[in-house]
Amino acid sequence: MSRPAKAYIDLLALRHNCELANSLAPNSRTMAIIKANAYGHGVLPVARALEPLVPAFGVTCLEEAIELREGGITKPVCLLEGTFSDDEIPLAAELGFWLSVVNKQQQQSILRASLKTPVTVWICVDSGMHRLGIAVDDIESTYRMLAASRNVASDIVIATHFACADELASDLTYRQLQQFKAGVASLANADTVPLSLDNSAGLLGWPETHADWNRPGIMLYGSSPFSVPHAEADRLQPVMTLRSSVIALRDVPVGDSVGYGARWSAQRPSRIATVAIGYGDGYPVHAPDGTPVLVNKQRCSMVGRVSMDMITVDVTDLPTVAVGDEVILWGKGLSVNEVAGCAGTISYELLTRMPRRVPRVYSG
Ligand SMILES: Cc1ncc(COP(=O)(O)O)c(C=O)c1O
């Protein structure tokens, strides 16, 4: 027997979501973003499940890419932040990794590297997010210098990243698109150079921004990037279901409190279930009273402060609940977005920081 707190990972749902991403932009190629341990889902099982469906993967850094090669993944892997030191460049080239060029220093490092085989480069452009990337005005010179180098393969991609694609009413996406296009227009081969703009929100919500490559992340894991209903995003299926069990039950009289800090007190004679899940298992410590959980598939309220290994749930309205019954914290039947919203965070954070001590159980 083992502690019941487990993250169940549905690889069929993952593939369904990837196929949806592919079908939304049939003329684009999908780079599946699997950084940060595939947003907490376990990078190797996720990569193995997706490898037949996508031509490339995106991760943050060399270490994450090497983990994929060591796990038998042979498709190209793009390092979205490029390299951090010059010695990474020959290794990346040798292992078939693609390098983002996010600043002039990285550009210079690639130009002066001594490489046996040329490396594929993605020039990352700052079209208005102002976080990473070369200036729009530098696209032409950066491209020209890299394209002329024997160290660089001929399939250079020009990429940018949206700041607000998840806000469908924001005009920043259009402004970024215009800036990006204006910069690309300065290239002699502007009509044929491959481009990449979209994250999940761009792919789902902004068809006019689909390009040669899309880079969906969160949607692969079944979480909508939008805070409002959306016809396409609502077809996503949750991949991670975080599940545990009731490990204790007690009656709490009116006026008595539950848990650390006595944050919640019973307003009626209450039946309280203790569930084996806590912030040590990735459940958000800031979840307030009333955060929904599913006990035997019925919605109930989490009450009292989240402990490291336990939460407490008001099951007064479910008189048949017994020790050992199933509790779903998020996933099938309860979206991670809803729980994240209650706790003042985002699904990305809840999924990504799922700790090692929660076993991943794979199906599909
Ligand atoms: C450069 C880049 N592209 C794509 C993605 C995927 O974004 P999302 O998970 O919102 O689809 C990310 C994630 O942060 C990113 O940094």
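Heads up: the structure comes first, above all this text.
With that settled, consider the state of the cysteines. Going through the model one piece at a time under the given rule, you end up with zero disulfides. Free of any disulfide, C18 has its nearest neighbouring cysteine sulfur in C78, separated by 16 Å. Here C300 is not cross-linked by a disulfide; its sulfur's nearest cysteine counterpart is in C342, at 14 Å. Judged by its relative accessible area of 11%, C300 is buried.

Enumeration over the complete set of coordinates arrives at 17 salt bridges. The closest approach of N and O atoms between D251 and R271, which form a salt bridge, is 3.1 Å. Here D251 is found in strand β11 (residues 240–252), whereas its partner R271 is found in strand β14 (residues 270–275), with 20 residues between them in sequence. Taking relative accessible area as the criterion, D251 reaches 56% and is therefore assigned exposed. Taken together, the shared-partner salt bridges in this structure form one network comprising R3, D281, D309 and R357.

What follows is about the site of the ligand. Neighbouring residues of the ligand: I33, K35, Y39, R131, H161, N199, S200, R215, P216, G217, I218 and Y348. Within the side chain of K35, a nitrogen or oxygen atom sits 2.8 Å from an oxygen atom of the ligand. Surface burial for the ligand is 86%, taken as the share of its 400 Å² of free accessible area covered by protein chains. Looking at the shell around the ligand residue by residue, the classes come out as five nonpolar, four polar and three charged.

On to the packing of aromatic side chains, then. Applying the stated criterion to the full structure yields seven aromatic pairs. Ring centres of Y39 and Y348 lie 6.1 Å apart, and the angle between their planes is 40 degrees; on these two criteria the pair is classed as tilted. One end of the pair, Y39, is in helix α2 (residues 35–39); the other, Y348, is in helix α11 (residues 347–352), and 309 residues separate them in sequence. The exposure class assigned to Y39 is buried, which follows from its relative accessible area of 8%. With centroids separated by 5.2 Å and ring planes inclined at 80 degrees, the aromatic side chains of Y174 and W206 adopt a geometry described as edge-to-face. Taken together, the positions of Y174 in helix α8 (residues 172–184) and W206 in the loop between α9 (200–205) and β10 (213–214) put the pair 32 residues apart, joining distant regions of the chain. Among the aromatic residues, those joined into a ring-pair cluster are Y39, Y221 and Y348. The aromatic ring of Y8 is capped on one face by R243, whose charged end is 4.3 Å from the ring centroid.

Rules behind the numbers
- Residues numbered from 1 in each chain as written.
- Predicted model: local features only at pLDDT ≥ 70, side-chain atom pairs only at ≥ 80, totals over all residues.
- Heavy atoms only, no water.
- Disulfide = S-S within 2.5 Å.
- Buried < 20%, exposed > 50% of the residue type's maximum accessible area, 1.4 Å probe, protein only.
- Salt bridge = Lys/Arg side-chain N within 4 Å of Asp/Glu carboxyl O.
- Helix = DSSP H or I, 4+ residues; strand = E, 2+ residues; numbered from the N terminus.
- Near = heavy atom within 4 Å.
- Polar contact = N/O pair within 3.5 Å; in protein donor to acceptor, adjacent residues only side chain to side chain.
- Areas by Shrake-Rupley, 256 points an atom, 1.4 Å probe, with all protein chains shown as cover.
- Nonpolar A, V, L, I, M, F, W, Y, C, P; charged D, E, K, R; others polar.
- Phe/Tyr/Trp six-rings, centres within 6.5 Å; stacked < 30°, edge-to-face > 60°.
- Lys NZ or Arg CZ within 6 Å of the ring centre and 35° of its normal.

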